[in-house]
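Given next are the chains, with one letter for each unit.
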Amino acid sequence: MARRGYDGVALAVPVTVPYTRYSIRGAHWFLGQAVHELCVASGLRKEQFDGLTVSSFTLAPDTAVGVTQHLGLSPRWLDHIPTGGASGVMAVRRAARAVQAGDADIVACVAGDTNHVDSFRQMLGSFSQFARDATHPYGSGGPNAVFAFITDHTMRTSGATREDFGRLCMDQRHNALASGGTLFKRALTMDEYLAARPIATPLHLFDCVMPCAGAEAFLVMSAQRARDLGLPHVLLRGAIERHNAYADDPVMMRGGWRMDRDELYAMADAGPGDMDFVQTYDDYPVIVMVQFEDLGFCEKGEGPAFVRAHRFTWDGSLPNNTSGGQLSAGQAGAAGGFLGMTEAIRQLTGQAADHSVPGARLGLVSGYGMVTYDRCLCTGAVILGASQ
Amino acid sequence: MPLLKPRRKNPVLRTRQINLPPSARSRVALGLTAAAAMGRFELQQCVDCKSVVYPPREACPRCASSRLRWREQDGAGALLAGTTLHHSNDLFFRERLPWRLGLVKLDAGPTLMVHLHGAVVAPQDRVPARVHIAARLDRAGQAVLIALPEKDSPNMADDPMLREMSSDPKQRKVLVTDGMTPVGQALVREFARAGAELIWVGHAQPWKQHGSGLETIAGLPQVTLLPLDLTDGRSVQALAGEIGAKVDIVVNNAEVHRGFGISARRGTDVAKLEMEVNYFGALRLAQAFGPALAGRSADGAANACAWVNLLSIYALANFPPHGTYSASKAAAHSLAQCQRAELRGAGIRVVNVFPGPIDDEWNQNLPPPKLAPAALAAAVVKALRDGIEDVYPGDVAHEWFERWRDDPKVLEREIAAGGA
């Protein structure tokens with residue numbers, strides 16, 4: 001049976017609860033703020049959100065169910081999507097199908113986390129069974145060592161250099177400063193990037209995201225409903241996801257995007273060259289390079305040359321992570337998986353203010369999440385198009 | 001660089017305290033630890049499709065069978081990628097940075113995250129370095145994997161990372177509780193050969209020294225003889241007061257061993273004496289020396305690290321011809337498990353040694369093979385070097401252990417019927 005497209009599904013009302021390095025509040029506070037912002041920005045009452053997805057790492061012992069009572073919501077459709085960097089794409093796919101099927105009318109997709117001074121350290125040992133048994137005992141301090149391996153292997157096999165990764169980081173910092181929503185206040189120079197202290201070689205300080213607290217959210221509804229409500233919106237043109245892809249690769253060189261990208265572009269009736277911008281998932285810059293390859297922007301192994309040939313600033317030849325991405329905006333837990341989605345909606349609805357990609361009509365948002373052992377297991381991507 | 005004699009400690013400075021590496025594991029992952037405790041590297045293998053899998057799990061990722069069994073691995077693999085940690089959120093590693101890790105493709109199949117021994121060269125270009133993977137107990141007493149160079153290199157055991165996973169006697173100070181037996185003397189000679197800095201040797205009953213062989217070790221430059229009677233709490237306390245704060249490895253080999261079971265010897269005097277030394281003596285020693293060892297378990301390159309209990313394979317199942325002795329060793333074994341749990345938090349390794357009959361005067365009536373004292377001593381030092389926690393030295397011990405593990409009830413019946 002041919003897979004049904006996502007015709008008539010719209011995304012609207014991107015909101016961001018500003019990031020702070022640390023917070024004494026709980027995850028529910030950030031999720032509550034996000035829902036509040038959705039109401040303010042849309043003019044809707046929260047009772048009108050009859051669908052809800054929740055993504056968070058710091059919500060325990062609650063799940064999405066507890067959030068409904070906490071925030072006084074009574075949705076008729078609910079999903080808990082604790083898949084970190086892939087949660088944005090996965091929330092869109094699930095909410096889109098619910099809307100198409102009529103199970104929900106307006107779905108609030110919410111992601112947020114708090115960050116206490118010690119919460120990141122405490123989360124590391126309990127992230128997954130494989131992490132507890134086979135990576136945490138090695139002192140790697142979360143995913144740093146895993147991505148050091150992937151970066152080391154990529155550098156030796158593809159010829160990528162630290163300067164290539166530095167270029168990606170510098171351009172994202174440029175975007176972050178233009179968008180204003182960043183914990184970093186200064187531009188990043190190549191000298192600073194290269195001179196940063198080592199964390200887990202070849203990774204240095206600016207290759208790593210800064211854990212912080214914050215939230216991101218948006219609404220999914222039918223395009224007709226968005227028009228009726230007068231909400232600026234974008235159209236979902238295609239979406240893919242894949243889990244535990246290429247499990248036999250001894251070290252991660254390919255991501256699951258590669259298995260499904262043809263279907264993604266076919267649904268959107270577009271190719272990589274048609275994208276006016278991309279929002280790649282940037283837990284570490286090597287993964288941005290891998291996405292350029294596996295999403296078809298260049299061939300496998302040509303990532304370094306591709307990076308050298310482009311500028312990734314909002315006004316560059318291929319705008320990437322136009323709000324700065326997590327590398328420059330910070331990683332607010334599961335909200336990191338929503339960051340590219342809210343930014344893409346802003347770009348395509350003329351809400352990106354001073355860092356608008358000129359004439360943007362089509363954009364790609366990619367997700368990547370859940371380092372349970374030696375790589376992230378979840379990959380996904382969506383293509384969003386302007387509605388007018 | 002070989003490990004040199006550590007510099008004399010500055011008594012004004014604070015003694016560094018231990019922080020353990022993360023010790024939580026799922027139950028299924030403890031299979032790795034159980035094998036590593038005996039010096040073996042085992043991974044789960046699927047009975048149905050033969051896949052070797054890692055990390056430990058409940059079902060085969062290739063065929064979804066739940067029939068996974070732990071099987072010994074040869075450890076051959078290729079280092080695909082490496083990193084040097086300069087940052088860790090974990091206190092144990094933070095205090096020991098920089099720390100090398102690697103990603104290894106085992107020839108048998110799975111990809112492993114491992115500690116990287118200092119002699120393993122980093123991956124160059126596209127050619128992965130060949131490595132040998134071993135499973136070792138870390139300071140928390142849990143198994144971790146370490147990549148060693150394919151061929152042994154000089155001074156390999158002196159690598160700081162490997163020393164955290166072993167209890168190598170080199171440059172350490174050792175107490176051997178009884179120097180008056182052939183086993184005690186063999187232990188002292190073996191520790192001297194292994195490069196122990198100092199060896200204190202206990203001896204009880206000074207009137208029996210003549211002819212005991214004690215004089216054969218008294219002249220070794222590392223050796224200091226000290227009176228120690230495990231039946232006397234004050235004697236144990238006095239020695240702990242004198243050397244407790246300096247000992248790095250305690251080897252409790254003091255024992256009383258007499259023949260017979262219940263009916264061949266009247267009364268309880270001999271059994272009481274066996275318990276008095278083999279069980280209560282071990283308890284007195286553990287109470288007197290344990291806290292001092294625990295307090296020095298991160299004290300420099302020659303930190304306090306291990307406690308060796310000389311038990312007996314008869315601790316696992318009673319050997320009726322030596323029935324009361326077996327009972328005292330079973331009690332000592334149980335106590336040693338308690339001691340292991342209590343010292344775990346300090347990162348002190350408790351090594352339990354389960355020999356079969358030793359070739360000494362108290363096993364005169366047992367047929368060979370019997371374990372030579374020198375072989376027992378060599379097995380003890382090797383266990384300390386290799387980070388092994390349970391030692392079954394010699395053919396008899398090994399066979400008993402296999403039979404016990406196969407089915408303790410069957411072993412009991414075999415022995416009751418006169419088998420040994």
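Residues numbered from 1 in each chain as written. Chains lettered and ligands numbered in written order. Predicted model: local features only at pLDDT ≥ 70, side-chain atom pairs only at ≥ 80, totals over all residues.

## What to know about the overall build of chain A
Then step 1. Summing up its helical and strand segments, chain A has 14 helices and 11 strands in all.
Then step 2. For the C-alpha atoms alone, the extent of chain A along its principal axes is close to 55 × 45 × 45 Å.
Then step 3. Out of the 388 residues belonging to chain A, those deemed buried represent 60%. (Helix = DSSP H or I, 4+ residues; strand = E, 2+ residues; numbered from the N terminus. Buried ≥ 20, exposed ≤ 12 C-beta atoms within 10 Å, placed from the backbone.)

## Some thoughts on the interface of chain A and chain B
Then step 1. Facing 31 residues of chain A, the contacting portion of chain B comprises 34 residues.
Then step 2. Listing elements by their share of the side of chain A that touches chain B, those giving two or more residues are helix 4 (119-124), helix 5 (129-134), helix 6 (144-158) and strand 5 (198-200) of chain A.
Then step 3. Here the element with the most residues in the side of chain A that touches chain B is helix 6 of chain A; it accounts for seven residues.
Then step 4. For the side of chain A that touches chain B, the per-class residue count stands at 14 nonpolar, 10 polar and seven charged. (Contact = placed C-beta atoms within 7 Å. Nonpolar A, V, L, I, M, F, W, Y, C, P; charged D, E, K, R; others polar.)

## Considering the sheet that holds strand 14 (residues 349-353) of chain B
All names here are of chain B.
Then step 1. In spatial order, the strands read 11-10-9-12-13-14-15; together these seven strands make up an open sheet with parallel pairing. Two strands close off the open sheet at either side, each with one partner strand: strand 11 (223-227) and strand 15 (390-391).
Then step 2. Summarising the sheet, strand 9 (residues 173-176) and strand 12 (residues 249-252) pair through three bridges and their orientation is parallel. In the strand pairing of strand 12, Val174 is matched with Ile249.
Then step 3. The strands touched by helix 8 (residues 280-295) within the sheet are strand 12 and strand 13 (306-310), with strand 12 carrying the most contacts at an inclination of about 175°. (Pairing = 2+ DSSP bridges. Axes fitted to C-alpha atoms, helices over the stretch in contact; angles between N-to-C directions.)

## Overview of the domain arrangement of chain B
Residues and elements named next belong to chain B.
Then step 1. What the domain assignment reports for chain B is domain 1 (30-158) and domain 2 (173-416).
Then step 2. Measuring from the centre of the C-alpha atoms in domain 1 to the corresponding centre in domain 2 gives 32 Å.
Then step 3. Between domain 1 and domain 2, the residue contacts involve nine residues of the former and eight residues of the latter.
Then step 4. Among the residues forming the side of domain 1 that touches domain 2, the class breakdown is five nonpolar, two polar and two charged. (Domains from an automatic or database assignment.)

## Side note on the packing of helix 1 (residues 27-42) of chain A against helix 2 (residues 64-71) of chain A
Residue and element names in this part refer to chain A.
Then step 1. At a closest axis distance of 11 Å, the pairing of helix 1 and helix 2 adopts a crossing angle of 65°. Crossing geometry of helix 1 relative to helix 2 is assigned as right-handed. Residues His28, Leu31, Gly32 and Val35 of helix 1 lie in contact with helix 2, whose contacting residues are Val67, His70 and Leu71.
Then step 2. Of the residues assigned to the contact of helix 1 with helix 2, the class counts are four nonpolar, three polar and no charged. (Left-handed = near helix turned anticlockwise from the far one by under 90°.)

## Notes on the sheet that holds strand 3 (residues 68-72) of chain B
All names here are of chain B.
Then step 1. Taking strand neighbours across the sheet as the criterion, the three strands line up as 2-1-3 in an open arrangement whose pairing is antiparallel. Of all strands in the sheet, those with a lone pairing partner are strand 2 (52-53) and strand 3, marking the two edges.
Then step 2. Where strand 1 (residues 42-46) and strand 3 come together, five bridges link them in antiparallel fashion. Bridged to Leu43 within strand 3 is Arg71.

## Observations regarding the packing of helix 7 (residues 269-278) of chain B against helix 9 (residues 323-344) of chain B
Residue and element names in this part refer to chain B.
Then step 1. Direction vectors running N to C along helix 7 and helix 9 enclose 25°, while the axes themselves pass 9 Å from each other. As judged from the angle between their axes, helix 7 and helix 9 are roughly parallel. In this structure, helix 7 crosses over helix 9, and the sense of that crossing is right-handed. Contacts from Val270, Ala271, Glu274, Met275 and Asn278 of helix 7 reach helix 9 at Thr324, Tyr325, Ser328, Lys329, Ala331 and Ala332. (Parallel < 35°, antiparallel > 145°, perpendicular 65-115°, else oblique.)

## Details of the domain arrangement of chain A
Residue and element names in this part refer to chain A.
Then step 1. Here chain A is partitioned into domain 1 (9-120 + 212-233) and domain 2 (126-210 + 236-386).
Then step 2. The partner domain 2 presents 38 residues to the 35 residues of domain 1 that form the contact.
Then step 3. Taken together, the residues of the side of domain 1 that touches domain 2 sort by class into 19 nonpolar, 12 polar and four charged.

## Some details on unusual backbone geometry
Then step 1. Between A:Thr201 and the following residue, A:Pro202, the backbone shows a cis peptide bond with an omega angle of 5°.
Then step 2. Turning to its location among the elements, A:Pro202 is positioned in the loop between strand 5 and strand 6 (203-204).
Then step 3. Geometrically, the link from B:Leu97 to B:Pro98 is a cis peptide bond, its omega value of -5° lying close to zero.
Then step 4. Of note, B:Pro98 is situated in the loop between helix 2 (91-94) and strand 5 (99-106).
Then step 5. One non-glycine residue with positive phi stands out, namely A:Asp269, at about 50°.
Then step 6. With a phi close to 65°, B:Ala64 is a non-glycine residue in the positive phi region.
Then step 7. With respect to the helices, strands and loops of the structure, B:Ala64 is situated in the loop between strand 2 and strand 3.
Then step 8. For B:Ala64, a count of 10 C-beta atoms within 10 Å corresponds to the exposed category.

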